[in-house]
Amino acid sequence: MAGFDLTALTASFGGERVIGPLSLTVEAGQQVALVGKSGAGKSTLIKLIYQRVAGHAALVPQELGLVNALPVFHNIYMGRLDEHANWYNALTLIRPFRKDREEIRSLLERLDMKEKLWVPTASLSGGQRQRVAIGRAIYRNAGLLLADEPISALDGPMAHKVMTLLCERFQTSVIALHDVEMALAYCNRIIGIQDGQVALDESSKRLSANDILNLY
Ligand SMILES: Nc1ncnc2c1ncn2[C@@H]1O[C@H](COP(=O)(O)OP(=O)(O)OP(=O)(O)O)[C@@H](O)[C@H]1O
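Residues numbered from 1 in each chain as written. Predicted model: local features only at pLDDT ≥ 70, side-chain atom pairs only at ≥ 80, totals over all residues. Heavy atoms only, no water.

Phe13, Val18, Lys37, Ser38, Gly39, Ala40, Gly41, Lys42, Ser43, Thr44, Gln62 and His178 make up every residue found near the ligand. The contact in question runs from an oxygen atom of the ligand to an N or O atom on the side chain of lysine 42, over 2.8 Å. Relative to its unbound accessible area of 630 Å², the ligand is 58% covered by the protein chains. Here the shell around the ligand takes three residues from helix H1 (residues 42–53), the largest share from any one element. By residue class, the composition of the shell around the ligand is three nonpolar, seven polar and two charged. (Near = heavy atom within 4 Å. Polar contact = N/O pair within 3.5 Å; in protein donor to acceptor, adjacent residues only side chain to side chain. Areas by Shrake-Rupley, 256 points an atom, 1.4 Å probe, with all protein chains shown as cover. Helix = DSSP H or I, 4+ residues; strand = E, 2+ residues; numbered from the N terminus. Nonpolar A, V, L, I, M, F, W, Y, C, P; charged D, E, K, R; others polar.)

Given below as structure tokens:
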């Protein structure tokens, strides 16, 4: 499954509705940017979608969800934990298999982090940690990516490199992005969220940065 068709998406905190109710259909092949001001509900919507599509998506949460005590290799390997038997995962914790080492090393090469393969994740910079979470999502090999601000800690050239890689590796994606220019450059559909509702839903070809900035 790469696309999805979800209805009755709602979320409330302390009795206050922060999302929906709304419906969202994303077709296979769409790269969707979720835009909107801070607190509009983008992260909550991404989490809701992830819950509803369970197992079918690769997730890059805003808080990354890395295990600091483990090396980069193992954090990325976690993207496929559920594909292997328990004995295989336990052995990998002690002595990773060559084919997994090679696959993860070449993925890290694309993220300019090859030399960090065995480094504990706790010792990485914010941008490096973000790239580990991106690596874990890519390694999951899912058709659908759900990512919450995946390039917020990256410099310009690295942000472009990562967005190019994400578009190449995922047939379909929903990515919350603060950077409107990046959203227009890499996504073919823009969904603007305002107070937990869809306030804009348009092909990026028909939008300019100014149209999107009206949401802020
Ligand atoms: N765990 C929580 N408990 C209470 N309120 C929450 C919680 N998570 C989110 N909210 C509230 O829900 C609303 C939407 O938050 P959300 O994090 O989804 O926004 P966002 O658009 O992703 O913001 P940002 O761009 O700053 O990440 C906000 O008003 C926020 O305060």
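Picking up after the structure, the text goes on.
The next subject is helix H3 (residues 86–94). Since the α-helix turns once every 3.6 residues, residues separated by three or four places project in the same direction. Among the residues of H3, Tyr88, Asn89 and Thr92 are the ones counted as buried. Seen end-on, H3 carries its buried residues on one side only, within an arc spanning 95°. Across H3 from its buried face, at more than 90 degrees, point the exposed residues Asn86, Trp87, Leu93 and Ile94. Considering only its buried residues, H3 is in contact with helix H2 (72–77) and helix H4 (98–110). (Buried < 20%, exposed > 50% of the residue type's maximum accessible area, 1.4 Å probe, protein only. Arc of directions from axis to C-beta. Contact = heavy atoms within 4.5 Å.)

What follows deals with the domain arrangement of the protein. The domain boundaries assigned to the protein delineate domain 1 (1–56 + 145–216) and domain 2 (67–141). Computed from C-alpha coordinates alone, the two centres of domain 1 and domain 2 are separated by 26 Å. Each partner contributes to the interface: domain 1 provides 16 residues, whereas domain 2 provides twelve residues. Contact between domain 1 and domain 2 buries roughly 1200 Å² in total, counting both sides, with carbon and sulfur atoms accounting for 61%. The tally of links between domain 1 and domain 2 comes to two salt bridges. We note a salt bridge from aspartate 112 to lysine 161, for which the minimum N-O separation is 3.0 Å. Linking domain 1 to domain 2 there are six residue pairs in polar contact (both at pLDDT 80 or more). With seven residues, the single largest contributor to the side of domain 1 that touches domain 2 is helix H6 (residues 156–169). Residue composition of the side of domain 1 that touches domain 2, by class: ten nonpolar, two polar and four charged. (Domains from an automatic or database assignment. Buried area = accessible area lost by both parts, 1.4 Å probe. Salt bridge = Lys/Arg side-chain N within 4 Å of Asp/Glu carboxyl O.)

Within the open sheet, the six strands sit side by side as E4-E5-E6-E3-E7-E8. Their pairing is mixed. The two strands at the open ends of the sheet, each matched to only one other strand, are strand E4 (57–60) and strand E8 (197–203). Adjacent strand axes in the sheet meet at a mean angle of 15° when their direction is disregarded. For strand E3 (residues 31–35) and strand E7 (residues 189–194), the ladder comprises four bridges, and the chain directions are parallel. (Pairing = 2+ DSSP bridges. Axes fitted to C-alpha atoms, helices over the stretch in contact; angles between N-to-C directions.)

Glancing now at H1. Between its first and last C-alpha atoms H1 spans 17 Å; for twelve residues at 1.5 Å apiece the expected length is 16 Å, and the two agree. A positive backbone phi angle near 20° is found at alanine 54, which sits one or two residues after H1. (Expected span 1.5 Å × (residues − 1).)

This part is about the pattern of salt bridges. Counted by the stated rule, this structure contains nine salt bridges. The shortest N-O distance in the salt bridge between aspartate 82 and arginine 140 comes to 3.0 Å. In this pair, aspartate 82 is assigned in the loop between H2 and H3 and arginine 140 in the loop between helix H5 (126–139) and strand E5 (144–148), connecting sequence segments 58 residues apart. Residue arginine 140 is classed as buried on the basis of its relative accessible area, which comes to 18%. Among the salt bridges present, the one from aspartate 201 reaches arginine 189, with a minimum N-O distance of 2.9 Å. Of this pair, aspartate 201 sits in strand E8 while arginine 189 is found in strand E7, placing the two residues twelve residues apart along the sequence. Overall, the relative accessible area of 40% leaves aspartate 201 in the partly exposed class.

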